[in-house]
Amino acid sequence: MTARLLPFLPAAPRRAILLLGLLAAAIGAQAQSGELVLYTSQPERDMKETIAAFNKRHPAVKVQVFRSGTTEVVNRLRTEIAAGAPRPDVLLIADAVTMESLKSEGRLARMRNLQTVGLPAEFFDAERTYVGTKLITIGLVQHAKSPVKLRGWQDLLNPALKNQVVMPSPLYSGAAAIAVGAWAEQAGLGWKYIEALKANGASAVRGNGAVLQQVAQGEKMAGVLVDFMALNAKAKGSPVEFVAPAEGLAYVTEPVAILNSAKNVPAAEAFVNFLISPAGQQQASALGYFPLQPGVKPPPAYPAAASLKFLPVSPERLLGNAEADRKRFAALFGG
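Residues numbered from 1 in each chain as written. Predicted model: local features only at pLDDT ≥ 70, side-chain atom pairs only at ≥ 80, totals over all residues. Heavy atoms only, no water.

1. Things to note about the overall build of the protein chain
Per the secondary structure count, the protein chain includes 11 helices and 11 strands. At 20 Å, the protein chain has a C-alpha radius of gyration in line with the 20 Å of a compact globule built from 335 residues. Principal axes of the C-alpha set define a box for the protein chain whose edges measure 65 × 45 × 35 Å. Of all 335 residues assigned to the protein chain, the portion counted as buried reaches 53%. Considering only contacts within the protein chain whose residues lie at least 6 apart along the sequence, 75% involve residues at least 24 apart. (Helix = DSSP H or I, 4+ residues; strand = E, 2+ residues; numbered from the N terminus. Rg over C-alpha atoms; globule rule 2.2 N^0.38 Å. Buried < 20%, exposed > 50% of the residue type's maximum accessible area, 1.4 Å probe, protein only. Contact = heavy atoms within 4.5 Å.)

Quick look at the structure:
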């Protein structure tokens, strides 16, 4: 039930829902304690600041973090599950497709005290097994001296950018996996486009950080990158620019979930509810991310989220073809 529907309900049911919401909020507001194990792909600096903000409300919760790219995080989790000893209480990774896969395997708990009031319904699972925490778009990055001024994905195929394009590998980055899956679905792009990238000398590196480093240092003139890294770097004086492709951006919502094997469920629920609360969304904006709560302002100099154009994608297709896409990419670019 979203806040947008509440005004259309009769008074009595509306009061009941609001009271239930206040009760759940009160439960979530109770200070929690104990150890909370978090597996995440969020950058280390951002994770530290997020945990520090959470600990102001729940100082007795000691958060233990394992951080790496989404693929490595999930591979480690699957190894632990196979051994019968999954460690994390909470999983915070790049994309909903991976969450859908874990949900289909029965690995995610249904979050009964999830506080979604004000959060658009498209950003959380209807069965409440995962919820988005921020909007991260995937677009183009160019160096100030790039011989080609990028406007769309096809510009990366310009011969003037031969051997000058770098992108994160979907074998390590969840956001890159979504971008490749989205390209593969588009009539004007598809695998023909991905093969043409390789033919034009594009290289794939382990993560978005390596892409930013190579373009910012002028080793490469252009690339594929998540928005916040390019925008934050430019704000600090780096000679890079983020470009929203004319065809549309790919995007992820960096969802968070509680494992059905979680040992500290109260602390896990408190952590998840903090991330999607107005305070948590303001924290995300302060770190340079588009917030999902409509009432929270995006970072300064960011375009309005409503002005962004996205590539149309089918989550079912992305999930169904994810493994085949990774294998095909590995055969093309190497593992």
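2. A few points about the confidence of the model for the protein chain
Across the protein chain, pLDDT averages 89, with 91% of residues at or above 70. Of the regions scoring below 50 in pLDDT, residues 1-24 engages in 20 contacts with residues more than four places distant in sequence or in other chains. (pLDDT = per-residue confidence, 0-100.)

3. Here we look at the packing of aromatic side chains
For the coordinates displayed, the defined rule picks out nine aromatic pairs. With a centroid separation of 5.2 Å and 65° between ring planes, the pair formed by Phe 290 and Tyr 302 is classed as edge-to-face. In this pair, Phe 290 is assigned in the loop between helix H10 (278-286) and helix H11 (315-333) and Tyr 302 in the loop between H10 and H11, connecting sequence segments 12 residues apart. Across this residue pair, the class does not change: Phe 290 and Tyr 302 are buried. On the basis of an interplanar angle of 10° and a centroid distance of 4.4 Å, the ring pair of Phe 329 and Phe 333 is categorised as stacked. Taken as a pair, Phe 329 and Phe 333 lie in helix H11 at a separation of four residues, close to a single helical turn. (Phe/Tyr/Trp six-rings, centres within 6.5 Å; stacked < 30°, edge-to-face > 60°.)

4. Thoughts on the environment of Gln 186
The residue Gln 186 is located in the loop between helix H5 (174-185) and helix H6 (190-199) in this model. Assessed through its relative accessible area of 13%, Gln 186 is described here as buried. Engagement of the side chain of Gln 186 in a polar contact is seen with the backbone oxygen of Pro 312, the distance being 2.7 Å. (Polar contact = N/O pair within 3.5 Å; in protein donor to acceptor, adjacent residues only side chain to side chain.)

5. Overview of helix H7 (residues 208-216)
When H7 is considered as a whole, its buried residues turn out to be Asn 208, Val 211, Leu 212, Gln 214 and Val 215. Relative to the axis of H7, the buried residues are bounded by an arc of 165° and lie together on one face. Of the surrounding elements, those touching the buried residues of H7 are strand S5 (136-143), strand S6 (165-168), strand S7 (203-205), strand S8 (222-226), helix H8 (227-235) and strand S9 (240-243). Looking at the residues trailing H7, positive phi occurs at Gly 218, about 80°. (Arc of directions from axis to C-beta.)

6. Comments concerning the pairing of S5
Among the eight residues of S5, eight are classified as buried, and the element is accordingly described as predominantly covered. With three bridges connecting them, S5 and strand S10 (residues 250-252) associate as antiparallel partners. Counted as the bridge partner of Ile 136 is Val 252 from S10. In this structure, S5 lies alongside S8, joined through five bridges in antiparallel fashion. For Gln 142, the partnering residue across the bridge sits in S8 and is Ala 222. (Pairing = 2+ DSSP bridges.)

7. Focus on the nonpolar core
Nonpolar side chains in soluble globular proteins tend to be buried together. Val 131, Leu 156 and Trp 183 are the most contacted members of the largest nonpolar core, which has 85 residues in total. The element contributing the most residues to this core is helix H9 (residues 265-276), with eight residues. Residues in contact with Leu 156, not counting those within four places in the same chain, are Leu 140, Leu 150, Leu 161, Val 165, Tyr 193, Leu 197, Asn 200, Ala 222 and Val 224. Judged by nonpolar contacts, the second largest core, of 15 residues, contains Val 74, Leu 77, Tyr 130 and Leu 259. (Core = buried A, V, L, I, M, F, W, Y, C linked by side-chain atoms within 4.5 Å.)

8. Quick notes on the packing of helix H2 (residues 44-57) against H9
One can describe the packing of H2 onto H9 by two numbers: an axis separation of 10 Å at closest approach and a directional angle of 110°. On the basis of the axis angle, H2 is roughly perpendicular to H9. Handedness of the crossing formed by H2 with H9: right-handed. Of the residues in H9, those touching H2 at Met 47, Thr 50, Ala 53, Phe 54 and Arg 57 are Ala 267, Ala 270, Phe 271, Phe 274 and Leu 275. Here the residues of the contact of H2 with H9 sort into eight nonpolar, one polar and one charged. (Axes fitted to C-alpha atoms, helices over the stretch in contact; angles between N-to-C directions. Parallel < 35°, antiparallel > 145°, perpendicular 65-115°, else oblique. Left-handed = near helix turned anticlockwise from the far one by under 90°. Nonpolar A, V, L, I, M, F, W, Y, C, P; charged D, E, K, R; others polar.)

9. Section: the pattern of salt bridges
Oppositely charged side chains are able to pair whenever their charged atoms sit close together. In total, this model carries 11 salt bridges according to the counting rule given. A salt bridge links Glu 195 to Arg 328; the shortest N-O distance between them is 3.3 Å. Of this pair, Glu 195 sits in helix H6 while Arg 328 sits in helix H11, and the two are 133 residues apart along the sequence. On the basis of relative accessible area, Glu 195 is assigned to the partly exposed category, the value being 36%. Overall, Arg 328 belongs to the partly exposed group, its relative accessible area being 41%. Residue Arg 326 pairs with Glu 323 through a salt bridge whose shortest N-O separation is 3.1 Å. (Salt bridge = Lys/Arg side-chain N within 4 Å of Asp/Glu carboxyl O.)

10. Side note on helix H4 (residues 96-104)
When H4 is considered as a whole, its buried residues turn out to be Val 97, Thr 98, Met 99, Ser 101, Leu 102 and Lys 103. On its buried face, H4 sits against helix H3 (70-82), strand S3 (90-92), H5, strand S11 (255-258) and H11. Measuring from the backbone nitrogen of Val 97 back to the side-chain oxygen at the start of H4 gives 3.2 Å, which picks out Asp 95 as the cap.

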